[in-house]
Amino acid sequence: MTTTGHAFGIDIGGSGMKAAPVDLATGELVSERYRIDTPQPATPEAMAEVVIELVRHHGWTGSVGCAFPAVVRNGIVGSAANIDESWLRVDADRIFTEALGQQVHMINDADAAGLAEVRFGPEAARHGVVMMLTFGTGIGSGLFIDGTLVPNTELGHLELDGPDAELRAAASARKRDDLTWEQWGKRVHHYLEHVEALFSPDLFIIGGGASKRPERWLDQVDISTEIVVASMANNAGIVGAALIAP
Ligand code: BGC
C-alpha cells in the first residue's frame, strides 16, 4: 500500500523501533504506530529483520525514511554510542534497502525530530538558531538556522564535568542512577545551561521519551532561553523520518 500524500517513517531507538505512515500535509500519523523492541545486540542484520516486520505490519510498499541513533552521512553510519559497533562505517541506506526490497533513506534521530518540529511545530521553530534536544537512551541534538538543518551535531557527547553529558542527563541515566524526577531535572538544567552558554540559541525544543511528562521535571530547569516541549512529543522521530523518505 502507498497513498498519495503519505510517507512511511521508522524511528529506531536504543530500546524500541517504532513505525507508522504519516500524512505529509499535517504531520499526523495515519494509523497507529507499531513498536518492536530493539534487538540485542542491535546489529545491522537483526535490525533489518525488524525493519521488514514493521513495514510489512503496516502493509507499506513504498519508500521508507528511517531515524537512527547515530551520525549518518549520505546513508553511512559514523558513530555507535548506543548501537552495536558493527554498524560503524556501514552503508545503512543500502543494507535496509536491499533487505526490504524498498528504498530506505536514513537520518540521525534528533535531526529527524527537529525537522518534524520545524515543519509542523510552533512558528518560533522556523526562525533563528533553534536547538532540538531529545532525552532518551542518549541525548540527541538537531541544530537549525532559520529552518535549515546543520546535521549530526552530537551534543549529547559534549563533555561536562568529565564524561559525556548524556551519561548523566539522558532519560536512561535517571533510571540507571535511580534518581527522582527532581534530581534528574537538575542534571538536565546543568546540561542546558552549558549548551545555552556555548550556542546562545533562540529556542530549545525538548523531545524524546522524557518529553511525554515534562511537568515532572521541567520546573527544575531555569535558563533564559525559551524552552518548548516537542509538539508531537515522542512521535517527532517517526514524522521527521517520513519527511526524508526518498
Ligand atoms: C548518539 C546520537 C543520537 C542520540 C539520541 C547519541 O548517543 O550519538 O547520534 O542522536 O544518542 O539517540
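Residues numbered from 1 in each chain as written. Predicted model: local features only at pLDDT ≥ 70, side-chain atom pairs only at ≥ 80, totals over all residues. Heavy atoms only, no water.

Let us now look at the nonpolar core. Soluble globular proteins tend to pack their nonpolar side chains together in the buried interior. With 30 residues, the main nonpolar core has Ile 10, Met 47, Phe 68, Trp 87 and Phe 96 as its most contacted residues. Counting only elements with at least two residues in this core, the list comes to strand 1 (6-12), strand 2 (16-23), helix 1 (44-57), strand 4 (64-68), helix 2 (92-100) and strand 7 (104-108). Here this core gets seven residues from one element, more than from any other, and that element is helix 1. Not counting chain neighbours up to four residues away, the residues in contact with Ile 10 comprise Lys 18, Ala 19, Val 51, Leu 54, Val 55, Val 64, Gly 65, Cys 66, Ala 67 and Ala 241. Counting residues in hydrophobic clusters, the runner-up holds 24 residues, among them Leu 179, Phe 204, Trp 217 and Val 221. (Core = buried A, V, L, I, M, F, W, Y, C linked by side-chain atoms within 4.5 Å. Buried < 20%, exposed > 50% of the residue type's maximum accessible area, 1.4 Å probe, protein only. Helix = DSSP H or I, 4+ residues; strand = E, 2+ residues; numbered from the N terminus. Contact = heavy atoms within 4.5 Å.)

Bringing the site of the ligand into the picture now. Neighbouring the ligand are 13 residues, the closest being Asn 82, Asp 109, Glu 154, His 157 and Glu 166. Between the ligand and Asp 109, the relevant distance is 2.5 Å, taken from an oxygen atom to a side-chain nitrogen or oxygen of the residue. Glu 166 has a polar side-chain atom sitting 2.9 Å from an oxygen atom of the ligand. Surface burial for the ligand is 94%, taken as the share of its 310 Å² of free accessible area covered by protein chains. Considering only residue class, the shell around the ligand consists of five nonpolar, five polar and three charged. When residues of the shell around the ligand are assigned to domains, at least three fall in each of domain 1 (6-111 + 236-243) and domain 2 (123-230). (Near = heavy atom within 4 Å. Polar contact = N/O pair within 3.5 Å; in protein donor to acceptor, adjacent residues only side chain to side chain. Areas by Shrake-Rupley, 256 points an atom, 1.4 Å probe, with all protein chains shown as cover. Nonpolar A, V, L, I, M, F, W, Y, C, P; charged D, E, K, R; others polar. Domains from an automatic or database assignment.)

We note that the domain assignment places domain 1 (6-111 + 236-243) and domain 2 (123-230) within the protein. Relative placement of domain 1 and domain 2: their C-alpha centres are 23 Å apart. Among the residues of domain 1 in contact with domain 2, Asn 82, Ala 110 and Asp 111 are the three that bury the most area, contributing 53% of the side total. Inspection of the domain 1/domain 2 interface yields zero salt bridges. The interface formed by domain 1 and domain 2 includes two residue pairs in polar contact (both at pLDDT 80 or more). Counting residues per element, the ones that place at least two in the side of domain 1 that touches domain 2 are strand 5 (72-73), strand 7 and helix 3 (109-120). Its residues placed into classes, the side of domain 1 that touches domain 2 shows six nonpolar, five polar and two charged. (Buried area = accessible area lost by both parts, 1.4 Å probe. Salt bridge = Lys/Arg side-chain N within 4 Å of Asp/Glu carboxyl O.)

Spatial strand order, 10-9-8-11-12: five strands in an open sheet with mixed pairing. Looking at the sheet topology across the chains shown, the edges are occupied by strand 10 (148-150) and strand 12 (226-229). Going across the sheet, the axis of each strand differs from the next one's by a mean of 25°, ignoring polarity. Sheet topology note: the strand 9 (residues 139-145)/strand 10 ladder contains three bridges and is antiparallel. The partner of Ile 145 across the bridge, within strand 10, is Thr 148. Where helix 6 (residues 181-199) meets the sheet, its contacts fall on strand 8 (129-135), strand 9, strand 11 (203-207) and strand 12, and the angle it forms with strand 8 comes to roughly 155°. (Pairing = 2+ DSSP bridges. Axes fitted to C-alpha atoms, helices over the stretch in contact; angles between N-to-C directions.)

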